[in-house]
Every structure is written in structure tokens, then in C-alpha cells.
Amino acid sequence: MREFLIAGNWKMNGGNEANAELVSGIIAGVPDGDGFRLLVCPPFPYLAAVAAQLAGSKVALGAQSVSEHSAGAFTGETAPSMLRDVGCEYVIVGHSERRALFGESSEQVAEKFKAAQAAGLTPILCVGETLEEREAGATEKVIDEQLDAVLSAVGAAAFATGVIAYEPVWAIGTGMTASPEQAQDVHCHIRERLAQHDAELAADVQILYGGSMKGENAPGLLSMPDIDGGLIGGASLKASDFLAIARAAAEI
Ligand code: PGA
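Residues numbered from 1 in each chain as written. Predicted model: local features only at pLDDT ≥ 70, side-chain atom pairs only at ≥ 80, totals over all residues. Heavy atoms only, no water.

Chemist: What am I meant to see in the pairing of strand S3 (residues 59–63) here?
Modeler: As a general feature of sheets, a regular strand has side chains that alternate between the two faces. In terms of burial, S3 is a largely internal element, five of the five residues being buried. Covered by surrounding structure in S3 are Val59, Leu61 and Ala63 together with Ala60 and Gly62, the residues of both alternating faces. Across three bridges, the pairing between strand S2 (residues 36–41) and S3 is parallel. Counterpart to Leu39 in the pairing with S3 is Ala60. On the question of chirality, the crossover connecting S2 to the parallel S3 by way of helix H2 (residues 47–54) is right-handed. Sheet topology note: the S3/strand S4 (residues 90–93) ladder contains two bridges and is parallel. What sits directly across from Gly62, in S4, is Tyr90. This β-α-β element, S3 to helix H3 (residues 80–85) to S4, shows right-handed connectivity. (Buried < 20%, exposed > 50% of the residue type's maximum accessible area, 1.4 Å probe, protein only. Helix = DSSP H or I, 4+ residues; strand = E, 2+ residues; numbered from the N terminus. Pairing = 2+ DSSP bridges. Right-handed = clockwise from strand over helix to strand, strands pointing away.)

Chemist: So what exactly am I meant to see when it comes to the site of the ligand here?
Modeler: In the vicinity of the ligand there are 13 residues, among which Lys11, His95, Glu167, Gly173 and Ser212 approach most closely. One of the side-chain nitrogen or oxygen atoms of Lys11 is found 2.7 Å away from an oxygen atom of the ligand. In this structure, Gly233 approaches the ligand through a main-chain N or O atom, which is 2.8 Å from an oxygen atom. Contact with the protein chains hides 96% of the accessible area of the ligand, taken as 290 Å² for the molecule alone. Split into classes, the residues belonging to the shell around the ligand amount to four nonpolar, seven polar and two charged. (Near = heavy atom within 4 Å. Polar contact = N/O pair within 3.5 Å; in protein donor to acceptor, adjacent residues only side chain to side chain. Areas by Shrake-Rupley, 256 points an atom, 1.4 Å probe, with all protein chains shown as cover. Nonpolar A, V, L, I, M, F, W, Y, C, P; charged D, E, K, R; others polar.)

Chemist: Which parts of the structure should I look at to understand the packing of aromatic side chains?
Modeler: We describe a pair of aromatic rings using the distance from one ring centre to the other and the angle between the two ring planes. Summed over all chains, the structure comprises two aromatic pairs. Geometrically, the ring pair formed by Phe113 and Phe159 is tilted, given 5.1 Å between the ring centres and 40° between the ring planes. Highlighted residues: Phe113 in helix H5 (residues 106–118) and Phe159 in the loop between helix H7 (139–154) and strand S6 (163–166), separated in sequence by 46 residues. Relative accessible area serves as the criterion here: at 0%, Phe113 is assigned to the buried category. With relative accessibility at 1%, the residue Phe159 sits in the buried group. Here Arg98 stacks its cationic end above the ring of Phe102, 4.2 Å away from the centre of that ring. (Phe/Tyr/Trp six-rings, centres within 6.5 Å; stacked < 30°, edge-to-face > 60°. Lys NZ or Arg CZ within 6 Å of the ring centre and 35° of its normal.)

Chemist: How should the packing of H7 against helix H8 (residues 180–195) be read in this particular structure?
Modeler: If you want to describe how two helices pack, look at the angle between their axes and the distance between the axes. Axis separation between H7 and H8 bottoms out at 11 Å; the angle between their running directions is 40°. Comparing the axis directions of H7 and H8 gives the class oblique. The hand of the H7/H8 crossing is right-handed. Here H7 contributes Thr139, Glu140, Ile143, Asp144, Leu147, Asp148 and Leu151 to the contact with H8, which in turn contributes Val186, His189, Ile190, Arg193 and Leu194. Here the contact of H7 with H8 is composed, by residue class, of six nonpolar, two polar and four charged. (Axes fitted to C-alpha atoms, helices over the stretch in contact; angles between N-to-C directions. Parallel < 35°, antiparallel > 145°, perpendicular 65-115°, else oblique. Left-handed = near helix turned anticlockwise from the far one by under 90°. Contact = heavy atoms within 4.5 Å.)

Chemist: Got a minute to help me understand the side chain of Lys112 in this structure?
Modeler: Structurally, Lys112 is set in helix H5. Ignoring any residue separated from it by four or fewer positions in sequence, one finds Lys112 in contact with Ser65, Val66, Ser67, Glu68, Glu77, Val93 and Glu104.

Chemist: How should I be thinking about the environment of Lys11 in this particular structure?
Modeler: Along the chain, Lys11 turns up in the loop between strand S1 (4–9) and helix H1 (16–29). A sequence separation of 52 residues divides Lys11 from Ala63, and the C-alpha atoms of the two residues are 9.6 Å apart. Once you skip the residues sitting within four places of it in the chain, Lys11 turns out to touch Cys41, Pro43, Gln64, His95, Glu97, Ile172 and Gly233. There is a polar contact of 2.9 Å between the side chain of Lys11 and the side chain of Glu97.

Chemist: When you look at the pattern of salt bridges in this model, what are you seeing that I'm missing?
Modeler: Any two side chains of opposite charge can pair, given that their charged atoms come close. Counted according to the given criterion, the structure contains 12 salt bridges. Residues Arg98 and Glu104 are paired through a salt bridge, measuring 3.0 Å at the closest nitrogen-oxygen approach. Salt bridges linked by common partners bring Arg2, Arg191, Asp226 and Asp228 together as one network. (Salt bridge = Lys/Arg side-chain N within 4 Å of Asp/Glu carboxyl O.)

As C-alpha cells, then:
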């Protein structure tokens, strides 16, 4: 049985004071019950402080990106082992902003996925199409290309300790959410693609939805059979908004 993962991607937002308030609000409001897990992904400089604040809570820590290299002359980069050192369990790889703004290719994303896993992190692989690609009927082709790059680098078995996030680019930060049916179609496609390699493993992989998820639309999205949680940007920056999504997961 898959559990829900409700992950907050803070992006480049926050500061000491705001983070402390956000984290204490989240910790205080974690819904009762099981069948779900909460995760926050702050910017790099705050990971250690947030880790200290999360200690003993039910909320996990992740980072938003990682280098594919393990050490050396890579100015400005952060190695997977460093993220483990400061208490991260998860790391987001291949977010559409990394792909579009920082030129990360699917092959590089695959290397990051591999390096993260080798260091004991659980990578959250983001895939998703642009509006133009959706309108051209290329959604599945784009997703397949992004997914296959990782499958050929690490093999399907690696997804036993990996998470996938379907994030339609047109829904990120726009307030335009995919309908539960639109998201379900793609989630189902992703699971079927993995099942071509290993049906048992595909049935267990967590596939999150991301793109303007909030308390109001979370129940509909999370009720779909192949949607196992959310990767949440805007609504992860306020404890009450994030917790509304967590409650939706706890109640399903
Ligand atoms: P959003 O961002 O919830 O603000 O749309 C989601 C994401 O980019 O992970």
C-alpha cells in the first residue's frame, strides 16, 4: 500500500525568522493518523537550522537540487553526501525551473538522480510538459523522454527508492491546476511505463502531483488512484495552507 507524501518546495523563499515560524507551525499542526508523510525542502543555507528544528518531529527534510558530482572543483555546487550530512533524506531533481532556467538536460538530471541515490538520498524526479507541448498532443512523449533518460541511467529497480513528481509546467505557480482527471491520466501513464520494466515495483512507486496544489483542490487530486501526494510550491510557504493539504491526505 502506497502512502501519501506531502512535500513543500520552498524554492528561493524564506529567511531565519520566517522559516522558524513556518516550521514550528507545521510541527504543531501535523494531523493525527498515518498513511502520509510530510516533507519540507528549504533553500541550502537553511537546511541545517531547519533540520535542528525538525528533530524528533514527524516532518522530513529534503533539498531542492544537488550536484551529480561527489566532490571537487565545482564552485557553488552541493554534493549529495553534504545533504546527507546536514540531515536530508530527500532531494528534488529535474524541477522544471532547473531544466528551463539553468539548462539541466534529462541526461544530467539522470546523473543527479543516480548520485543522490548512491549517497542514500531519495530523489524526487520531476517530469512535466509545457502548455505548448500539451496543446500539440506531446504530453506523453515529453514525459517518456524525461523518464526514459533516468530509466536508462539507473534501471527501473532504482525506483524502489525513488519518487516521481508529475508537474505540468503550465500549472506551476500559475493558479491553473490540472484537473484530477488530467493528472490521473498522466500518473497512470507513468506507472504503466514503469510497469513495462517491473510491474510489482511500478505498483509501489509514489507519484506526486505538483502545480498550484492547495487545500481546496487537494482532496480531488489526492483521491485519484495513481496520485500519491503533492509537491507544493506557493502553498507550502504558509503553515495553515500546507497543513490543509496534509489534512486532505490524512483524511483519505
Ligand atoms: P506551485 O509550485 O505549487 O507554486 O505551483 C509547485 C512546484 O514548482 O513544485
